[in-house]
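Close look at the chain arrangement
One letter stands for each residue in the lines below.
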Amino acid sequence: MTSARIALTLALCATLGAANQDRPLANQDHRHASSDAKLPGVGAAMQAMIERNEIAGAVTAVVTKDKVIHFETTGLADVAAKRAMAPDNLFWIASMTKPVTGVAVLMLQDEGKLNVADPVAKYLPEFAALKTPSGKPANLTITQILTHTSGLGEASGPAAQQAKTLADLVPIWLAAPMQYEPGAQWKYTQSGINAGARIVEVVSGMTFDVFVEKRIFQPLGMTSTTFYPTDAQRTRLATAYAKNKGTGLLEAVPPRAEYGPRDRPPQGNGGLYSTAPDYARFCQMLLSGGTLDGRRYLSAEAMKLLATPQTADLSTGFLQADTYGNRGANYGWGITTSILRVPHPGVAAMLSPGTYGHGGAWGTQAWIDPVKGVAYILMVQRSNFPNSDASDVRGAFQQAAADALAKK
């Protein structure tokens, strides 16, 4: 059977439904993987979000370290074309790229080639001259740039838009004024994560896209995950939508121009495109403590840096405003990951303490609950959620899945 026929068959199975049973993801075609297993209530929850015009469609997955216990497509990948959402639809996953960057850095630490306690200037010498707002030497560490506590300035304007490589961005970050004294606060900082990706390049001798392809995506079977979608892959892109505030209807929006073209840097902060089956493999590796299918990707020490707070008692995360209940103390930050310290009403009510992961700007979400031993993966493309981490879509998916799991 050709790969095209395999894809079609699996898409039809996902659409029509089949026997409800657990299947190991490792035994499936990773590019088009679908599980016949569906948790009751998840599809209905996503359909309700579609009827509210929150999203056009979704792909949802729930996995353990070695099984898919839920995989389902709902709604449309493209409304105008009436194209149903399919298992292999490709999504811009935006900041869900960040944990991939963290894994890449920690792999090099495991090999003794760097340490996250090292100064950034050890690998990017230009940083040695960086001064804090008070005029002191910044002496930024890799941990600070990867936990959003560095105060590093952001790259913006025409120069950033014309950058072709991560190396091109370094002088732009350094030309921007620092935002605060290092370690004094948590502030989401894209430049820090991209600096981490640049360090991977310097240490490994590979461009960042090549490193993650060789060291993470290929071994895990993440064959659709890329910074640079091919023409064939672009035919599988789910269309992104924004909700019109006046009419309440969804309107198509174009892809983000700075992500995807070959002449743009492989940005570790948010450049990846992926599928639900692919990212589920990544989550399974983390759920398994850094191993999958007999291969070790991260040591126990590296996993601890990724999955436990490295930000002391700082308030962190995207739910700190009054609108979201002032939840800064509920979260800590690991190396590129958000970590739930204390569950709270809303999108974290069904999660265990120690759940960690990351969302993306267009509503994608992946959260790993090590206590329950499951990961929740949500793929949607909605460009103007007020806060994608706090979206009703995320909450509805996770709650429906958790409720179904509680009954198993």
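Calculation criteria
- Residues numbered from 1 in each chain as written.
- Predicted model: local features only at pLDDT ≥ 70, side-chain atom pairs only at ≥ 80, totals over all residues.
- Heavy atoms only, no water.
- Core = buried A, V, L, I, M, F, W, Y, C linked by side-chain atoms within 4.5 Å.
- Buried < 20%, exposed > 50% of the residue type's maximum accessible area, 1.4 Å probe, protein only.
- Helix = DSSP H or I, 4+ residues; strand = E, 2+ residues; numbered from the N terminus.
- Contact = heavy atoms within 4.5 Å.
- Pairing = 2+ DSSP bridges.
- Axes fitted to C-alpha atoms, helices over the stretch in contact; angles between N-to-C directions.
- Phe/Tyr/Trp six-rings, centres within 6.5 Å; stacked < 30°, edge-to-face > 60°.
- Lys NZ or Arg CZ within 6 Å of the ring centre and 35° of its normal.

**Brief notes about the nonpolar core**
Counting residues in hydrophobic clusters, the biggest one holds 78 residues, and the most contacted among them are Phe127, Ile216, Phe282 and Leu286. When residues in this core are grouped by element, the largest group, eight residues, is from helix H10 (residues 276-287). In this structure, Ile216 is in contact with Val100, Val103, Ala104, Met107, Phe211, Phe282 and Tyr297, ignoring residues within four places of it in sequence. Of all hydrophobic cores here, the second largest spans 29 residues; its members include Leu39, Met49, Leu378 and Phe397.

**Some words on the sheet that holds strand E14 (residues 374-379)**
Taking strand neighbours across the sheet as the criterion, the eight strands line up as E3-E2-E1-E14-E13-E12-E11-E10 in an open arrangement whose pairing is antiparallel. With one partner strand each, in any of the chains shown, strand E3 (83-84) and strand E10 (331-333) form the two edges of the open sheet. As defined by bridge partners, strand E12 (residues 356-359) adjoins strand E13 (residues 365-369) across four bridges and the pair is classed as antiparallel. Bridge assignment links His358 to a residue of E13, and that residue is Ala366. The sheet strands contacting helix H2 (residues 42-51) are strand E1 (57-63), strand E2 (68-78) and E14, and the helix crosses E2 at an angle near 20°. The strands touched by H10 within the sheet are E1, E2, E12, E13 and E14, with E14 carrying the most contacts at an inclination of about 155°.

**Description of the packing of aromatic side chains**
Within this structure, the stated rule accounts for 11 aromatic pairs. With centroids separated by 6.1 Å and ring planes inclined at 85°, the aromatic side chains of Tyr376 and Phe397 adopt a geometry described as edge-to-face. Pair noted here: Tyr376 is in strand E14 and Phe397 is in helix H12 (residues 392-407), with a separation of 21 residues, a long-range link. Under the relative-accessibility criterion, Tyr376 is labelled buried at 1%. Here a set of aromatic residues connected by ring pairs shows up, and it is made of Trp186, Tyr188, Phe318 and Trp333. The lysine or arginine in question, Arg382, covers the ring of Phe385, its NZ or CZ lying 4.5 Å from the ring centre.

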